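Coordinate inspection notes
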Amino acid sequence: ESQLNPNYNFENFLEGDSNRLARNAGLAVANKPGGTSFNPLLIFGGVGLGKTHLSHAIGIDIKDKYPEKTVLYISAEKFTQQYIDSVKKNNRNDFIHFYQIIDVLIIDDVQFLSGKTGTQDVFFHIFNHLHQNGKQVILTSDKAPVDMQDIEQRLLSRFKWGLSAELQSPDFETRVSILKNKLYRDGVEMPDDIIEYVAKHIKTNVRELEGAIISLIAQSSFNKKEITISLAKEIVEKFVKNTKREVSIDYIQKVVSDYFQMDVDTLQSKTRKRHIVQARQLAMFFAKKYTKASLASIGSQIGKRDHATVLHACKTVDNLSSTDKQFRKYVEDIAKKLAL
Ligand code: ADP
Ligand code: MG
């Protein structure tokens, strides 16, 4: 039981600039599992950009080419649960042994392991065993290794051994081909201008893109309405509204500096005056919390600092808000002002 979804194959994973590197790396791994330098292959990117799909595609392709190999797909969450159960039932060694004899191990959403030191520890040992024996490991994550938090250093360094390939938001052309392919597979016809309308307005998440088309088809058949641009508009608007607006780092800096009655230049300045440093750290903390930007990108936008400074800022804010009442009030007040 490899837990692979047959629809999540390479053929259905349409290629574009946004995914070419990751897709090709996946194909290379599928041709020679354990035999390339892409070990582990780590696929990272935002929600709904195809991490799960691509990781299945690699597993399916390996199963096709090497039927004798054991391929296992599992989410990091389920892996964690299994590990916890094995400890409770006193068969931790069986758990480890089960994973050590797999040829291709695919673990989805490894960011879930953040802070779970027991599971990280056992995974570290399984990983080493597989790697030393030339077995293939494929991981997905919502962040690049440099941006992962609360993952042990030794595990992070393993994550960086192979190749980290990013899935980005697909461009317009790719979004159109993804929709056309989906409609074709579902045997549904739809005018090009409608497909393009949807692809033009839903940009950041392939799952939502598909969701909009599905609800368009459902609406039209349910209400026996023809699929028109105006129906497409209605549905796209609902989708765009439901997608939580992301605050920008600029906006966060503005809100934080207003709160402390300073201007943004002061917040970004090199000064070490305590209240300014704290304001800057709060801006970094909220940027980490409310945006998808990487630590490096937050640092460069908030006074040209590096990613370590941002990480330090986030930890300082965490610490201070649990030890300092006044500081906790700052955090709460600003969070309210930023509330969407
Ligand atoms: P993630 O795991 O990154 O959140 P998924 O793998 O679940 O994303 O993908 C979300 C949906 O988008 C799935 O239905 C998947 O088939 C589809 N999808 C994502 N990227 C592509 C692509 N390049 N071609 C075709 N479908 C895609
Ligand atoms: Mg996924």
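Check the entry above for the structure.
Everything in this summary refers to the structure shown in the same document. The structure presented is a predicted model; accordingly, all values stated were derived computationally and were not measured. (Residues numbered from 1 in each chain as written. Chains lettered and ligands numbered in written order. Predicted model: local features only at pLDDT ≥ 70, side-chain atom pairs only at ≥ 80, totals over all residues. Heavy atoms only, no water.)

Quick notes on the pattern of salt bridges
Within the structure shown, the criterion is met by 13 salt bridges. The closest approach of N and O atoms between Lys135 and Asp103, which form a salt bridge, is 3.5 Å. Residue Lys135 is found in the loop between α5 (117-132) and β4 (136-141), and its partner Asp103 is found in the loop between α4 (92-100) and β3 (104-108); the two are separated by 32 residues along the sequence. Residues participating in the shared-partner salt-bridge network are Glu15, Asp17, Arg20 and Arg23. (Salt bridge = Lys/Arg side-chain N within 4 Å of Asp/Glu carboxyl O. Helix = DSSP H or I, 4+ residues; strand = E, 2+ residues; numbered from the N terminus.)

Structural notes on the site of ligand 1
By nearness alone, 17 residues border ligand 1, and Gly48, Lys51, His53, Arg207 and Glu210 come closest of all. Between ligand 1 and Asn19 there is a distance of 3.4 Å, counted from a nitrogen atom to a side-chain nitrogen or oxygen. Contact between ligand 1 and Glu210: an oxygen atom at 2.8 Å from a side-chain N or O atom of the residue. Taken by itself ligand 1 offers 560 Å² of open surface, and the protein chains cover 92% of this. Elements with a contribution of two residues or more to the shell around ligand 1: α2 (51-65) and α9 (206-222). Here the shell around ligand 1 is composed, by residue class, of seven nonpolar, seven polar and three charged. Residues from two domains meet in the shell around ligand 1; each of domain 1 (20-167) and domain 2 (172-242) gives at least three. (Near = heavy atom within 4 Å. Polar contact = N/O pair within 3.5 Å; in protein donor to acceptor, adjacent residues only side chain to side chain. Areas by Shrake-Rupley, 256 points an atom, 1.4 Å probe, with all protein chains shown as cover. Nonpolar A, V, L, I, M, F, W, Y, C, P; charged D, E, K, R; others polar. Domains from an automatic or database assignment.)

Digging into the sheet that holds strand β5 (residues 163-167)
Here we have five strands laid out as an open sheet, ordered β2-β3-β4-β1-β5, and parallel in their pairing. Two strands close off the open sheet at either side, each with one partner strand: β2 (71-75) and β5. This sheet shows a mean twist of 15° between the axes of neighbouring strands, independent of strand direction. Where α5 meets the sheet, its contacts fall on β3 and β4, and the angle it forms with β3 comes to roughly 145°. (Pairing = 2+ DSSP bridges. Axes fitted to C-alpha atoms, helices over the stretch in contact; angles between N-to-C directions. Contact = heavy atoms within 4.5 Å.)

What to know about the environment of Glu166
Turning to its location among the elements, Glu166 is positioned in strand β5. Between the alpha carbons of Glu166 and Asp108 there is a distance of 14 Å; along the sequence they are 58 residues apart. What Glu166 contacts, discounting residues up to four positions off in sequence, is Ser18, Ala22 and Phe44.

Some points on unusual backbone geometry
Looking along the chain, the bond that leaves Asn39 and enters Pro40 is cis, with omega of 5°. Structurally, Pro40 is set in the loop between α1 (20-31) and β1 (41-45). The residue Asp150 is not glycine, and still its phi comes out positive at about 55°. One non-glycine residue, Lys304, lies in the positive phi region at around 55°. Among the secondary structure elements, Lys304 is positioned in the loop between α14 (295-301) and α15 (307-323).

Brief notes about α9
In a regular helix each residue adds 1.5 Å, so 17 residues correspond to 24 Å; α9 covers 24 Å between its end C-alpha atoms and thus fits that length. Val206, Leu209, Gly211, Ala212, Ile213, Leu216 and Ser220 are the residues of α9 that are buried. Where α9 begins, the side chain of Asn205 points an oxygen toward the backbone nitrogen of Arg207, at a separation of 2.8 Å. Lys224 sits one or two residues past α9 and shows a positive phi near 50°. (Expected span 1.5 Å × (residues − 1). Buried < 20%, exposed > 50% of the residue type's maximum accessible area, 1.4 Å probe, protein only.)

These figures come from the coordinates and say nothing about function on their own.
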